[in-house]
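Tertiary structure, described
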Amino acid sequence: MRQLKHIWMAFAVALFAASCSQDELLEDGGIEEAPVTFTATVDYAIETQGDDAAGNMKQAATRATSTEDDAPSRFYAQAVSNGTLSNVVAGTKNDDGTYSFTFQVAKDTEYEYMFWADNATTDDELTDLRSVSYTMGDIAFAAKEQGTPETVNKDVKLQHVVAKVTLKTTTDITFGDSRTISLSASCASTYNVQTPSASSFEDKSISKEMTDASLAANSEVLTTYTIPNPDDKAVTFSAHDLAQTIDVVPLVANTNVTLQGDLSASNSKWGATSKYVQKQIDYFFKDADGTSIGILENGVYKFYLSKENMADLEAVLSAIFRKNVELNLTSGGTIFEEVLDNDYTFTIKNQNFSEYLDVLINNNSIYQIIYNIYHEDFYTDFSAISDKLNQPTE
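Residues numbered from 1 in each chain as written. Predicted model: local features only at pLDDT ≥ 70, side-chain atom pairs only at ≥ 80, totals over all residues. Heavy atoms only, no water.

**Notes on unusual backbone geometry**
Heads up, the rule is: A run of H or I in DSSP becomes a helix once it reaches four residues, and a run of E becomes a strand once it reaches two; helices and strands are each numbered from the N terminus.
Across the junction of threonine 195 and proline 196, the peptide omega takes the value -20°, indicating a cis bond. Secondary-structure assignment places proline 196 in the loop between strand S15 (180-192) and strand S16 (197-209). One non-glycine residue, serine 200, lies in positive phi territory at about 55°. Checked against the element boundaries, serine 200 lands in strand S16.

This is how it looks when you write it as structure tokens:
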């Protein structure tokens, strides 16, 4: 009988546990979860602004819907509560073009829901939408909602986190042997959807190779996307191996800025790049077959140029560097120096006691311009260089 009594009591305990509701068990420390589904729409509308190549605003900001934007190809979402992240959820495309995201989250618990969409081609798997890698040129959208599963807004609108930049020429362009057009700016490498904020800014560029030898006036030359740096608003664009920089461009997320101006090679606003300078040095200091002009002595090509004709050297330097160059021979040491693209240095040092100019490229002596009259008959006359100023470069 005692054994039957114990069996009956054990059965009653098991039956009591089985009859308890899930809510009653959760009171002992369990968490009840529930699904929550969001529907996301991409908002292609963007503020449009106009700018010219001199950095002067030409058009007020307007709100316009763009159907020409690149479409995102990846859609992701993630929930976070008290620093704890859910897994990243990939969006499911609906028939109407929207995307659905479903989370399994705790009931009556406050969450922040992060949404991200881009057209990146990387194979990297996203694991944390608080640190999304970004590449200049990719379009990207984001949104954030906050609340409990029961109260949160479930219709999400994704908006640009990038600025769209369009480069446009107001004049006809003819290309020589260089048909590459590029645009550079300080751009974020990482985006935090939760904050929302961008970080890890670096100077980045994007290029486009022209397939045609010319472009008509009012053509759009290049369009790209960037997550702009609020503390560095400079934009540099390059063509014909030349460059122009606009120090302040109003790049802001969810805006489209058009930079327009004279992009022909004849525009005096272009500045030299290292590639352009190297080509010009080859043009002036070498024959058509690539042979260096000048008398080679101790590894340096030497020329004679009288003080009275020093303006010939200034004119050649002005053509090479596309700026007015004046040389002062009254003191020794460095009298001219240009650093281009952070890795190319052109320096002229005046050896005033010996009366010659030492021309260094990347700290290596390449040429000497001797103005000591006693050496007039020993070295190649500099007119072999300066006479090319009156010849076409192409």
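**Structural notes on the nonpolar core**
For clarity, the threshold we go by: Residues enter a nonpolar core if they are buried and are Ala, Val, Leu, Ile, Met, Phe, Trp, Tyr or Cys, with the set joined through side-chain atoms within 4.5 Å. Exposed residues in this analysis have more than 50% of their type's maximum accessible area, buried residues have under 20%, and partly exposed residues fall in between, with area computed by a 1.4 Å probe over protein chains only. By definition, residues are in contact when any of their heavy atoms lie within 4.5 Å.
If you look at the biggest cluster of nonpolar residues, it comprises 98 residues, and the most contacted ones within it are Phe103, Tyr113, Trp116 and Phe346. Look past the residues within four positions of phenylalanine 103 in its chain and what remains in contact with it is Ala34, Pro35, Val36, Phe38, Ala77, Gln78, Ala79, Ser86, Asn87, Val89 and Tyr113.

**Structural notes on the packing of aromatic side chains**
Definition in use: For this analysis, a ring pair means two rings from Phe, Tyr or Trp (six-membered ring only for Trp) whose centres lie within 6.5 Å, classed as stacked if their planes differ by under 30 degrees, edge-to-face if by over 60, and tilted for the remaining angles. By the criterion adopted, a ring carries a charge over it if an Arg CZ or a Lys NZ lies within 6 Å of its centre and within 35 degrees of its normal.
Across all of its chains, the model carries 20 aromatic pairs by this definition. Consider the rings of phenylalanine 103 and tyrosine 113, whose centres lie 5.5 Å apart with planes at 55°: the pair is tilted. One end of the pair, phenylalanine 103, is in strand S8 (residues 99-106); the other, tyrosine 113, is in strand S9 (residues 111-118), with ten residues separating them in the sequence. The two residues phenylalanine 103 and tyrosine 113 agree in class, both being buried. Ring geometry for phenylalanine 321 and phenylalanine 336: centres 5.3 Å apart, planes at 65°, overall edge-to-face. Remark: phenylalanine 336 occurs in strand S25 (residues 333-340) and phenylalanine 321 occurs in helix H4 (residues 310-321); sequence separation between them is 15 residues. What makes phenylalanine 321 buried here is its relative accessible area of 3%. Since its relative accessible area comes to 9%, phenylalanine 336 is described here as buried. Ring pairing ties together the aromatic residues Phe38, Phe101, Phe103, Tyr111, Tyr113 and Phe115, which thus form one cluster. Directly above the ring of tyrosine 283 sits lysine 388, whose terminal nitrogen or CZ lies 5.5 Å from the centroid.

**Points about H4**
Worth spelling out the cut-off: The span you would expect from a helix comes to 1.5 Å times its residue count less one.
Its twelve residues give H4 an end-to-end C-alpha distance of 17 Å, which sits within 8% of 16 Å, the value for a rise of 1.5 Å per residue. All of the buried residues along H4 are Met310, Leu313, Glu314, Val316, Leu317, Ser318, Ile320 and Phe321. Of the residues trailing H4, arginine 322 is marked for its positive phi of about 55°.

**Re the side chain of histidine 240**
Condition: Polar contacts, as counted here, are pairs of nitrogen or oxygen atoms within 3.5 Å of one another; within protein the pair requires one atom able to donate a hydrogen and one able to accept it, and residues that are adjacent in sequence qualify only if both atoms are side-chain atoms.
Along the chain, the position of histidine 240 falls in the loop between strand S19 (235-239) and strand S20 (242-246). Among the residues examined, histidine 240 registers a relative accessible area of 10% and is labelled buried. From its side chain, histidine 240 meets the backbone oxygen of leucine 263 in a polar contact 2.8 Å long. Sequence-distant contacts of histidine 240, defined by excluding residues within four places in its chain, comprise Ile173, Thr174, Phe175, Ser178, Thr180, Leu263, Ser264, Ala265, Trp270 and Tyr276.

**Some thoughts on helix H3 (residues 274-285)**
With twelve residues, H3 extends 16 Å between its outermost C-alpha atoms, agreeing within 8% with the 16 Å of an ideal straight helix rising 1.5 Å per residue. When we look at burial in H3, the residues that qualify are Ser274, Tyr276, Val277, Gln280, Ile281, Tyr283, Phe284 and Phe285.

**A look at a negative patch on the surface**
Heads up, the rule is: What makes a patch is a set of residues exposed beyond 30% relative accessible area and free of salt bridges, joined within 9 Å when like-charged and within 5 Å when nonpolar (Val, Leu, Ile, Met, Phe, Trp, Tyr). Here, Shrake-Rupley sampling with a 1.4 Å probe gives the accessible areas, and only protein chains in the shown set may cover a residue. Only one rule defines a salt bridge in this text: a Lys or Arg side-chain nitrogen within 4 Å of an Asp or Glu carboxyl oxygen. When charges are tallied, Lys and Arg are placed among the positive residues and Asp and Glu among the negative ones, while His and the ends of the chain are skipped. A charged residue contributes its charge at one atom only: NZ of Lys, CZ of Arg, CG of Asp or CD of Glu.
On the surface, Asp312, Glu376, Asp377, Asp381 and Asp387 cluster together into a patch of negative charge. Here aspartate 312 shows up in helix H4.

**Here we look at the side chain of threonine 347**
Checked against the element boundaries, threonine 347 lands in strand S26 (residues 344-351). Within the structure, the side chain of threonine 347 is placed 2.8 Å from the side chain of glutamate 337, a separation counted as a polar contact. Aside from chain neighbours lying at most four places away, what touches threonine 347 is Thr334, Phe336, Glu337, Asp358, Val359 and Leu360.

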